[in-house]
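Survey of secondary and tertiary structure
Residues per chain are reported as follows:
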Amino acid sequence: MRVTKYRNYYIDGVFFHSKAEIDAHIRQQDIEQFKKLHRMFAEKPDIAMGIICDKQAERLHDVHGFEWDEIEQLEIEVYKEAAN
């Protein structure tokens, strides 16, 4: 199989078999990063972290096509977990 580079990952038939798999992987990484940043914000809220969280939310919207309601639901989940 020919190895192809796509979005700084390789379609090599071992780890990734298609562009769709890489896109799904990047999407999942961005969701996890969003949650991680909001957990950090829940621990120590400040303006700088708020801005970083906002940028990650914009990435989910602009790059991955999330609706703002979906992003808000992710936030709510994180804050509920942090409250427990």
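Throughout what follows, the structure given in this document is the object of discussion. (Residues numbered from 1 in each chain as written. Predicted model: local features only at pLDDT ≥ 70, side-chain atom pairs only at ≥ 80, totals over all residues. Heavy atoms only, no water.)

Quick word on the pattern of salt bridges
Evaluated as defined, the whole model comprises two salt bridges. With a shortest N-O distance of 3.2 Å, Arg7 and Asp23 are connected by a salt bridge. A residue pair is termed long-range when its members are at least 10 positions apart, and Arg7 in the loop between β1 (4-6) and β2 (9-11) and Asp23 in helix α1 (residues 19-43) qualify at 16 residues. Among the residues examined, Arg7 registers a relative accessible area of 47% and is labelled partly exposed. The class for Asp23 is partly exposed, based on a relative accessible area of 27%. Among the ionic pairs, Asp30 bridges to Arg59, the shortest N-O distance being 2.7 Å. (Salt bridge = Lys/Arg side-chain N within 4 Å of Asp/Glu carboxyl O. Helix = DSSP H or I, 4+ residues; strand = E, 2+ residues; numbered from the N terminus. Buried < 20%, exposed > 50% of the residue type's maximum accessible area, 1.4 Å probe, protein only.)

Some points on helix α2 (residues 47-64)
For α2, which comprises 18 residues, the first-to-last C-alpha distance of 25 Å matches the rise-based estimate of 26 Å (1.5 Å per residue) to within 8%. Met49, Cys53, Gln56, Ala57, Leu60 and His64 are the residues of α2 that are buried. Along the axis of α2, the buried positions cluster into a sector of 100°, meaning they face one direction only. Set apart from the buried face of α2 by more than 90 degrees, the exposed residues are Ile47, Lys55 and Asp62. Once α2 finishes, Gly65 follows within two positions and takes phi at roughly 75°, a positive value. (Expected span 1.5 Å × (residues − 1). Arc of directions from axis to C-beta.)

Re the packing of α1 against α2
It is at 9 Å that the axes of α1 and α2 come closest, and there the two elements cross at 160°. Taken as axis vectors, α1 and α2 run roughly antiparallel relative to one another. Note that α1 runs across α2; the crossing there is left-handed. Note on element contacts: α2 touches α1 through Met49, Gly50, Ile52, Cys53, Gln56, Ala57, Arg59, Leu60 and His64, opposite Ile26, Arg27, Asp30, Ile31, Gln33, Phe34, Leu37, His38, Met40 and Phe41. (Axes fitted to C-alpha atoms, helices over the stretch in contact; angles between N-to-C directions. Parallel < 35°, antiparallel > 145°, perpendicular 65-115°, else oblique. Left-handed = near helix turned anticlockwise from the far one by under 90°. Contact = heavy atoms within 4.5 Å.)

Digging into the nonpolar core
The biggest cluster of nonpolar side chains holds seven residues, and these are Ile31, Phe34, Ala57, Leu60, Phe66, Ile71 and Leu74. Ala57 has contacts with Phe34, Trp68 and Ile71, leaving out every residue within four places of it along the chain. Counting five residues, the second largest nonpolar core, distinct from the first, contains Tyr6, Ile11, Phe16 and Ile26. (Core = buried A, V, L, I, M, F, W, Y, C linked by side-chain atoms within 4.5 Å.)

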